[in-house]
Amino acid sequence: MTLSDYILHVFVLVDDLLKKLVTGRLRSRGKQTTTLTDSEVITIGLVGEFLGLDHDTGLFAHIRRYHVAEFPALAAIHRTTFGRHAANLFAVSKRIHAHLAQQLAAREPIWLIDSMPVEVSKFARAKFCRRLRGDAGYGHDHTRRNTMYGFRLHARVTPAGAIVAFDLAPANVADQAMVDDLAPPPGSVGIGDRAYWSPRGQADQAARGVRLLAP
């Protein structure tokens, strides 16, 4: 399959899911600011992630340079306009993800859980950093074995690696405290590292019909 074919397949999937999952207007609009359709914007974001282009600037430049044939309207809009359009569709993209994740994990009784640090700034500059003040927090980065400032991304995945649930929390929130937010289904078995070991937490999960294994 060529990349152009892949883009077409993703677009058709996204367009069909939008029609199935979303009824009515996606968001309130004033003046029309972009000629790209919602399906095209979501498709560009997904293809960009597939290509490893997870930054708006690099994604926009790459797609407009090499794939304007697939997205001709992209040549007539500014990067910031595209960025705003994509940001407005975040909730819709998350709904599509939840739908696909449910299908991928519908018959999978086992899941894995873990987290990773998301730095807001380097620790030496953390006390001077004003970005996300009041939302980010100080926590321990187990990989680097030092203190970091920012968030932790928590995810629940299938053994094959499909992400079925995720959430972002301040870095000082314990991993075990985020298990409920990732909505493990009753009757399933979860596997985590030692950060998820908690007799009380495991008992709470057991009361919900979930078995959480952690060393």
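A. The arrangement of the overall build of the chain in detail. Scanning the chain from N- to C-terminus turns up six helices and six strands. When the helices and strands of the chain are listed from N to C terminus, the series reads α-α-α-α-α-β-β-β-β-β-α-β. C-alpha extents for the chain along the principal axes are approximately 55 × 50 × 35 Å. Within the chain, buried positions represent 36% of all 215 residues. Put simply, of all contacts in the chain between residues at least 6 apart along the chain, 56% involve residues at least 24 apart. When the accessible surface of the chain is totalled, it reaches about 13,300 Å², and 56% of it is carbon and sulfur. Side chains of the chain carry 27 positive and 20 negative charges; the gap between the two charge centres is 6 Å.

B. Spatial organisation of the confidence of the model for the chain. Per-residue pLDDT for the chain averages 88, and the proportion of residues at 70 or more is 93%. When mean pLDDT is taken per element in the chain, strand E5 (residues 189-191) scores highest with 97 and strand E2 (residues 137-141) scores lowest with 86.

C. Just the environment of arginine 194, in detail. Within the element layout of this structure, arginine 194 appears in the loop between E5 and helix H6 (199-207). As a C-alpha pair, arginine 194 and glutamine 176 span 18 residues in sequence and 9.5 Å in three-dimensional space.

D. Structural detail: the nonpolar core. With 22 residues, the main nonpolar core has Leu18, Leu36, Ile42, Ile44, Phe71, Leu74 and Phe82 as its most contacted residues. Within the residue set of this core, elements represented by two or more residues are helix H1 (3-21), helix H2 (38-50), helix H3 (56-66) and helix H5 (90-104). Looking at which element gives the most residues to this core, the answer is H1, with five residues. Trp111, Ala165, Tyr196 and Leu212 belong to the second largest nonpolar core, which has nine residues in total.

E. Looking closely at the packing of aromatic side chains. Under the defined criterion, the tally for this structure stands at three aromatic pairs. Taking 5.7 Å as the distance between ring centres and 45 degrees as the angle between the ring planes, the aromatic pair formed by phenylalanine 60 and phenylalanine 82 counts as tilted. Here the residue phenylalanine 60 occupies a position in helix H3, and phenylalanine 82 occupies one in helix H4 (residues 79-88), the gap between them amounting to 22 residues. Since its relative accessible area comes to 3%, phenylalanine 82 is described here as buried. Positioned above the aromatic ring of phenylalanine 166, the side-chain terminus of lysine 94 is 5.3 Å from the ring centre. Over the ring of tryptophan 111 we find arginine 156; its NZ or CZ atom is 5.7 Å from the centre of that ring.

Calculation criteria
Residues numbered from 1 in each chain as written. Predicted model: local features only at pLDDT ≥ 70, side-chain atom pairs only at ≥ 80, totals over all residues. Heavy atoms only, no water. Helix = DSSP H or I, 4+ residues; strand = E, 2+ residues; numbered from the N terminus. Buried < 20%, exposed > 50% of the residue type's maximum accessible area, 1.4 Å probe, protein only. Contact = heavy atoms within 4.5 Å. Areas by Shrake-Rupley, 256 points an atom, 1.4 Å probe, with all protein chains shown as cover. Lys, Arg positive; Asp, Glu negative; His and termini not counted. Charge placed at Lys NZ, Arg CZ, Asp CG, Glu CD. pLDDT = per-residue confidence, 0-100. Core = buried A, V, L, I, M, F, W, Y, C linked by side-chain atoms within 4.5 Å. Phe/Tyr/Trp six-rings, centres within 6.5 Å; stacked < 30°, edge-to-face > 60°. Lys NZ or Arg CZ within 6 Å of the ring centre and 35° of its normal.

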